[in-house]
Amino acid sequence: MDLFSHSWLPFLYQYSFGLLIFGGGLFAIFKAYGHEVLWGEYKAFVVALVWGFIYVTSIHLIMTIAALNNAPQLYFIILAGYIITGLLLSRYIR
């Protein structure tokens, strides 16, 4: 059984095209509204969008590694990520 084509190839396909579309969308928005206006007024939203993409990608990556290596202890890293993100969001939402 070829693990690359069944597990890593879909992961790379999904997140490479996702990054291309996501980055293209952010680029178009920055060009349409201007860097200073968008970054000045909506910095928190842009940071949240980028963090969300990185966060979801890392969760999928860790789950794939844990499943392929039979290492369920890696799920504690995901739990720690949930807790840290929750603490950071609760700090900045106030």
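The shown structure was predicted, so the numbers you read here are calculated from the model rather than taken from an experiment. (Residues numbered from 1 in each chain as written. Predicted model: local features only at pLDDT ≥ 70, side-chain atom pairs only at ≥ 80, totals over all residues. Heavy atoms only, no water.)

Details of the side chain of T57
Working step 1: Positionally, T57 belongs in helix α2 (residues 35-68).
Working step 2: Here F53 takes part through its backbone oxygen, which lies 2.7 Å from a polar atom of the side chain of T57.
Working step 3: Sequence-distant contacts of T57, defined by excluding residues within four places in its chain, comprise F11 and Y15. (Helix = DSSP H or I, 4+ residues; strand = E, 2+ residues; numbered from the N terminus. Polar contact = N/O pair within 3.5 Å; in protein donor to acceptor, adjacent residues only side chain to side chain. Contact = heavy atoms within 4.5 Å.)

Some details on the environment of A32
Working step 1: Inspection of the secondary structure assignment puts A32 in helix α1 (residues 3-33).
Working step 2: Distance from A32 to T85, taken between C-alpha atoms, is 31 Å for residues 53 residues apart in sequence.

A short note on the layout of surface pockets
Working step 1: Roughly 350 Å³ of volume is contained in the largest pocket.
Working step 2: A44, V47, A48, L89 and Y92 are the residues nearest the centre of the largest pocket, which is lined by 10 residues in total.
Working step 3: Contributions of two or more residues to the lining of the largest pocket are made by α2 and α3 (75-93).
Working step 4: In the lining of the largest pocket, the residues fall into nine nonpolar, one polar and no charged. (1 Å grid on protein atoms, 1.4 Å probe; cavity = no way out; pocket = protein on both sides within 12 Å on 5 of 7 lines; lining within 4 Å. Points joined across faces, edges and corners; volume = space filled by probe spheres on them. Nonpolar A, V, L, I, M, F, W, Y, C, P; charged D, E, K, R; others polar.)

Considerations on a nonpolar patch on the surface
Working step 1: On the surface, F76, L79, Y82, I83 and L87 cluster together into a nonpolar patch covering about 550 Å² of accessible area.
Working step 2: Along the chain, F76 falls in helix α3. (Patch = residues over 30% accessible without salt bridge, like charges linked within 9 Å, V, L, I, M, F, W, Y side chains within 5 Å. Areas by Shrake-Rupley, 256 points an atom, 1.4 Å probe, with all protein chains shown as cover. Salt bridge = Lys/Arg side-chain N within 4 Å of Asp/Glu carboxyl O.)

Notes on the packing of α1 against α2
Working step 1: It is at 12 Å that the axes of α1 and α2 come closest, and there the two elements cross at 180 degrees. The angle between the axes of α1 and α2 places the two elements in the roughly antiparallel class.
Working step 2: Here the residues of the contact of α1 with α2 sort into 21 nonpolar, seven polar and no charged. (Axes fitted to C-alpha atoms, helices over the stretch in contact; angles between N-to-C directions. Parallel < 35°, antiparallel > 145°, perpendicular 65-115°, else oblique.)

Section: the environment of K43
Working step 1: Topologically, K43 is positioned in helix α2.
Working step 2: Judged by relative accessible area, which is 42%, K43 ranks as partly exposed.
Working step 3: On a C-alpha basis, the gap between K43 and I83 in space is 23 Å, while along the polypeptide they are 40 residues apart. (Buried < 20%, exposed > 50% of the residue type's maximum accessible area, 1.4 Å probe, protein only.)

Some remarks on the confidence of the model for the protein chain
Working step 1: Per-residue pLDDT for the protein chain averages 87, and the proportion of residues at 70 or more is 96%.
Working step 2: Within the protein chain, α3 has the poorest average pLDDT of any element, 86, and α1 the best, 90. (pLDDT = per-residue confidence, 0-100.)

Focus: α2
Working step 1: If you check α2, its first and last C-alpha atoms are just 42 Å apart, much less than what 34 residues at 1.5 Å a residue would give, namely 50 Å.
Working step 2: Of all the bends in α2, the largest measures some 90 degrees and sits at Y42.
Working step 3: All of the buried residues along α2 are L38, V46, Y55, T57, I59, I62, T64 and A66.
Working step 4: Backbone geometry just downstream of α2 places N70 in the positive-phi region, at approximately 50 degrees. (Expected span 1.5 Å × (residues − 1). Bend = angle between axes of the 7 residues up to and from the residue.)

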